[in-house]
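What follows is each chain in one-letter form.
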Amino acid sequence: MPLLPSAIEIIVGILLLFGGGELFVGGSTAVALLFGIPQIVIGLTVVSLGTSAPELFVSLISTIQGGDDIAVSNIVGSNIFNVLVVLGLSALVVPLRVKSRLIRRDVPLLLGVSMAVWGMASGGRITWQAGLALLVGTVINIVWEMRTAGENPDEADDIDENDRATPAVAAAKLAGGLVLLVVGSQILVKGATAAAVGLGVSQTVIGLTIVSAGTSMPELVTSLVAAYRGKADLAIGNVVGSNLLNQLVILGVCGVASGGQGLAVDPVMVSRDFPIMVLTTLACLPIFWTHGVITRLEGGILVGLYGLYLVEQVLSNTVTSAVDEFRLVALVAILPLVFVFLVWQTLRWRRDRLA
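Since the structure is predicted, the reported quantities are computational estimates derived from the model, not experimental observations. Every chain begins its residue count from 1, and numbering advances along the sequence as written. Predicted model: local features are reported for residues with pLDDT of at least 70 only, side-chain atom pairs are reported and counted for 80 or more only, and whole-chain, interface and lining totals are derived from all residues. Excluded from the side-chain calculations are hydrogens and water; all other atoms, namely the structure's heavy atoms, are used.

## So, the nonpolar core
- Within the largest apolar cluster, 52 residues are counted, with the highest numbers of intra-cluster contacts made by L87, L96, F274, F288 and I294.
- Counting only elements with at least two residues in this core, the list comes to α4 (68-93), α5 (100-121), α6 (128-148), α8 (203-215), α9 (217-228), α10 (232-257), α11 (267-289) and α12 (296-317).
- What F274 contacts, discounting residues up to four positions off in sequence, is V72, V76, V117, W118, A121, V265 and M269.
- With 17 residues, the next largest nonpolar core counts F24, A53, V189 and A195 among its residues. Nine residue types can take part in a nonpolar core, namely buried Ala, Val, Leu, Ile, Met, Phe, Trp, Tyr and Cys, and a core is a set of them joined through side-chain atoms within 4.5 Å. With a 1.4 Å probe rolled over the protein chains alone, any residue whose accessible area is under 20% of its type maximum counts as buried; one over 50% counts as exposed, and the rest are partly exposed. Secondary structure counts use DSSP, requiring at least four H or I residues in a row for a helix and at least two E residues in a row for a strand, with both numbered from the N terminus. Whether two residues touch is decided by their heavy atoms; if any such pair falls within 4.5 Å, the residues are in contact.

This is the structure in structure tokens:
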């Protein structure tokens, strides 16, 4: 079976990325504490970037190796996966209570960034200038977060005392994490590329599905554990923060690394997957409004929508004759029902506020 080696490489790569991400976060946090960096800064930078480290290394190595399709599709696919699957499954574990800061600031910011990135990609390439602009946006956002963190002291990230370590242990964790991330990324990219060739599909499809789901495992595990332990703010904030960093940091770094030729974007992604990424982010607003809670029903709908997205991906690359019929059913029957549900929830929220 020619696909077996590719499947093994993908699984091994994902496991190495997961382990590397854990070590990287632990080592980076310990180093930051040794240098006396404030905990809020550690939470907003080191810990947040840690869960996005797999996406960063996979996309960056793909860019360096000329695999622009995997680099971009991994970011877009991860953002779609995070909202529909990570947030949806977390809500199925326990209804998630949303804090007002997410509704007022973070989700609108994520929506604005997503639309801006879609606009940057609409020309078929993300230039190094666009990448640089995204990195500047990262710095501005971090500074803004630090300045406004004092307004919500109860929402600041707490750093456990167990995160402290001696310089030698901290350096070992950091170095070990980086090695695992680099090696795991290379193995995953190699396996994903071989799988795309073996299955006869584009690297974009592999990046949007297998690779993006694999690199999003840290976010999934973190959010599920947080939801189970009753830390809904961490479960939701992890998704929103990761999606923001995926676009500002990872896409920015890859855009700059692509140099003068820019980062090539598949036209299909511009017309299909980027709009889906924006729409899933937009759908968060009315869901978050409903009594400040993401219910199990809403979580189930999110997971169901991702199932439809996967079916469309599979059909478009296998049974092409059935794609148009499936899209018609989704457009005429399923999506209007979801839209009506969101409108109904929004009207309930407005009625309750006026009552």
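## Thoughts on the packing of helix α3 (residues 53-64) against helix α7 (residues 167-199)
- Axis definition: a line fit to C-alpha positions, over the contact stretch in the case of helices; interaxial angles, taken between N-to-C directions, run 0 to 180 degrees. Two elements in contact, α3 and α7, have axes whose closest approach is 9 Å; the angle formed by their N-to-C orientations is 55 degrees. Classified by the angle between their axes, α3 and α7 sit oblique to one another. Relative to α7, α3 is oriented so that their crossing is right-handed. Contact with α3, carried on its side by A53, P54, F57, V58, I61 and S62, involves L178, L181, V182, S185, Q186, L188 and V189 of α7 and no other residues of that element.
- Following the grouping adopted for this structure description, the nonpolar residues are Ala, Val, Leu, Ile, Met, Phe, Trp, Tyr, Cys and Pro, the charged ones are Asp, Glu, Lys and Arg, and the polar ones are all others, Gly among them. Across the contact of α3 with α7, the residue classes break down as 10 nonpolar, 3 polar and no charged. Each angle gets one of four labels, with under 35 degrees taken as roughly parallel, over 145 as roughly antiparallel, 65 to 115 as roughly perpendicular, and the rest as oblique. Left-handed describes a crossing whose near helix is turned anticlockwise from the far helix through less than a right angle; right-handed describes the clockwise counterpart.

## Section: the packing of α8 against α9
- As a packed pair, α8 and α9 sit with axes 4 Å apart at the nearest point and diverge in direction by 50 degrees. With respect to α9, the element α8 is oriented oblique. Contact residues: α8 offers A213, G214 and T215, while α9 offers M217, P218 and E219.

## So, the packing of aromatic side chains
- By convention, a stacked pair of Phe, Tyr or Trp rings (six-membered ring in the case of Trp) has centres within 6.5 Å and planes under 30 degrees apart, an edge-to-face pair has planes over 60 apart, and any other such pair is tilted. In this structure the tally under the stated criterion is 2 aromatic pairs.
- Note on F81 and Y306: the rings are 5.5 Å apart at their centroids and 85 degrees apart in plane angle, and the pair reads as edge-to-face. Here the residue F81 occupies a position in helix α4, and Y306 occupies one in helix α12, the gap between them amounting to 225 residues.
- On the accessibility criterion, Y306 (7% relative accessible area) is buried.
- Plain terms: the ring middles of Y306 and Y309 are 5.9 Å apart, the flat faces sit at 40 degrees to each other, and that makes the pair tilted. A residue pair is termed a helical-turn pair when its members lie 3 or 4 positions apart in one helix, as Y306 and Y309 do in helix α12 at 3 residues.

## A short note on the environment of V136
- The residue V136 is located in helix α6 in this model.
- Taking the relative accessible area as the measure of exposure, V136 reaches 43% and is therefore partly exposed.
- Here the alpha-carbon distance between V136 and L248, two residues 112 residues apart in the chain, equals 8.4 Å.

## Thoughts on α6
- Expected span of a helix, by definition, is 1.5 Å for each gap between consecutive residues, and there is one gap fewer than residues. With 21 residues, α6 should reach 30 Å at 1.5 Å per residue; the first-to-last C-alpha distance of 30 Å fits that figure.
- All of the buried residues along α6 are A130, G131, L134, T138, N141, E145 and T148. Angularly, the buried residues of α6 cover 115 degrees about the axis, an arc narrow enough to put them on a single face. In α6, the exposed residues that point more than 90 degrees away from the buried face are V139, I140 and R147. Within this analysis, the arc is defined by the directions that extend from the helix axis to the C-beta atoms.

## Focus: the confidence of the model for the chain
- Here the chain averages 79 in pLDDT, while 79% of its residues score no lower than 70.
- How sure the predictor is of each residue is captured by pLDDT, a score from 0 to 100. Across the chain, element-level confidence peaks in strand β2 (residues 125-126) with a mean pLDDT of 93 and bottoms out in helix α2 (residues 39-51) with 62.
- The low-confidence segment residues 153-158 (pLDDT under 50) makes 9 contacts with residues lying over four places distant or belonging to another chain.

## A short note on the pattern of salt bridges
- For this analysis, a salt bridge means a side-chain nitrogen from Lys or Arg found within 4 Å of a carboxyl oxygen belonging to Asp or Glu. Summed over the entire model, instances satisfying the criterion amount to 3 salt bridges.
- When the shortest N-O distance is used, the salt bridge between E9 and K190 registers 2.6 Å. Taken together, the residues E9 in helix α1 (residues 3-34) and K190 in helix α7 connect sequence positions 181 residues apart.
- Assessed through its relative accessible area of 52%, K190 is described here as exposed.
- Between R272 and D273 there is a salt bridge, and its shortest N-O distance comes to 3.1 Å.

## Regarding the side chain of S90
- Structurally, S90 can be placed in helix α4.
- The class for S90 is buried, based on a relative accessible area of 1%.
- Leaving out residues up to four positions away in the same chain, S90 has contacts with V85, L96, S223, L224 and A227.

## Considering a nonpolar patch on the surface
- Side chains of W128, L132, V136, I140 and V256 sit close together on the surface and give an oily, nonpolar patch of about 430 Å² of accessible area.
- Per-element tally for the nonpolar patch: the top contributor is α6, with 4 residues. Exposure above 30% relative accessible area and the absence of a salt bridge qualify a residue for a patch, where like charges join within 9 Å and nonpolar side chains (Val, Leu, Ile, Met, Phe, Trp, Tyr) within 5 Å. In this description, accessible areas are obtained by the Shrake-Rupley approach with a 1.4 Å probe, and a residue is regarded as covered only by the protein chains that are shown.

## Regarding the environment of V205
- Along the chain, V205 falls in helix α8.
- Separated by 108 residues in sequence, V205 and Q313 have C-alpha atoms that sit 7.1 Å apart.

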